[in-house]
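The chain contents come next:
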Amino acid sequence: LRSRIEHALTKRELEVATLVARGSTNQRIAKELGLSVRTIESHLDHAYNKLDVDSRTELAALLYRSGILVP
């Protein structure tokens, strides 16, 4: 599962997904990465579509279940 996720997402999509899974808001992520909120939303939409999830909660659960994130 971890390998599938890491191959499905771009480096930036995985970075954004990881920050989202850790509870950061789109605004906070945009500021931290020096990007616009719209760009963060776009990366997040792409990650949702590639991983077939519909919410931040599902995304976080998938990243934890895969071992990409540990509690």
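Residues numbered from 1 in each chain as written. Predicted model: local features only at pLDDT ≥ 70, side-chain atom pairs only at ≥ 80, totals over all residues. Heavy atoms only, no water.

Even after reading the chapter, I still don't get the overall build of the chain, so can you show me in this structure?
For the chain, the helix and strand inventory stands at 5 helices and 0 strands. Counting from the amino terminus, helix and strand elements in the chain follow one another as α-α-α-α-α. The C-alpha extent of the chain, read off along each of the three principal axes, is 30 × 25 × 20 Å. In the chain, buried positions account for 41% of the 71 residues. Sequence separation of at least 24 residues holds for 54% of the intrachain contacts in the chain that already meet a minimum separation of 6. Roughly 4,300 Å² of accessible area belongs to the chain as shown, and the carbon and sulfur atoms make up 50% of that amount. Side-chain charges in the chain split into 11 positive and 9 negative, and the spacing between the mean points of these groups amounts to 6 Å. (Helix = DSSP H or I, 4+ residues; strand = E, 2+ residues; numbered from the N terminus. Buried < 20%, exposed > 50% of the residue type's maximum accessible area, 1.4 Å probe, protein only. Contact = heavy atoms within 4.5 Å. Areas by Shrake-Rupley, 256 points an atom, 1.4 Å probe, with all protein chains shown as cover. Lys, Arg positive; Asp, Glu negative; His and termini not counted. Charge placed at Lys NZ, Arg CZ, Asp CG, Glu CD.)

How should I be thinking about the pattern of salt bridges in this particular structure?
Once the charged atoms of two side chains with opposite charge are near each other, the side chains can pair. All told, the structure shown has 4 salt bridges when counted by the stated rule. In this structure, glutamate 6 engages arginine 2 in a salt bridge whose closest nitrogen and oxygen atoms are separated by 3.1 Å. Separated by 4 residues within a single helix, glutamate 6 and arginine 2 lie in helix α1 (residues 2–8), roughly one turn from each other. A relative accessible area of 36% places glutamate 6 in the partly exposed class. A residue is classified by how much of its surface remains accessible, and arginine 2, at 39% relative accessible area, is partly exposed. In this structure, arginine 38 engages glutamate 41 in a salt bridge whose closest nitrogen and oxygen atoms are separated by 3.6 Å. Of this pair, arginine 38 and glutamate 41 are both found in helix α4 (residues 37–51), 3 residues apart, which corresponds to roughly one turn of the helix. (Salt bridge = Lys/Arg side-chain N within 4 Å of Asp/Glu carboxyl O.)

What am I meant to see in α4 here?
Residues separated by three or four positions in an α-helix point in the same direction, a consequence of the helix having 3.6 residues per turn. With 15 residues, α4 extends 21 Å between its outermost C-alpha atoms, agreeing within 8% with the 21 Å of an ideal straight helix rising 1.5 Å per residue. Every buried residue of α4 is accounted for by Ile40, His43, Leu44, Ala47, Tyr48 and Leu51. Angularly, the buried residues of α4 cover 140° about the axis, an arc narrow enough to put them on a single face. In α4, the exposed positions that point more than 90 degrees away from the buried face belong to Arg38 and Asn49. Buried residues belonging to α4 abut α1, α2 (11–21), α3 (26–33) and α5 (56–66). (Expected span 1.5 Å × (residues − 1). Arc of directions from axis to C-beta.)

Any functional reading would require information that these geometric values do not contain.
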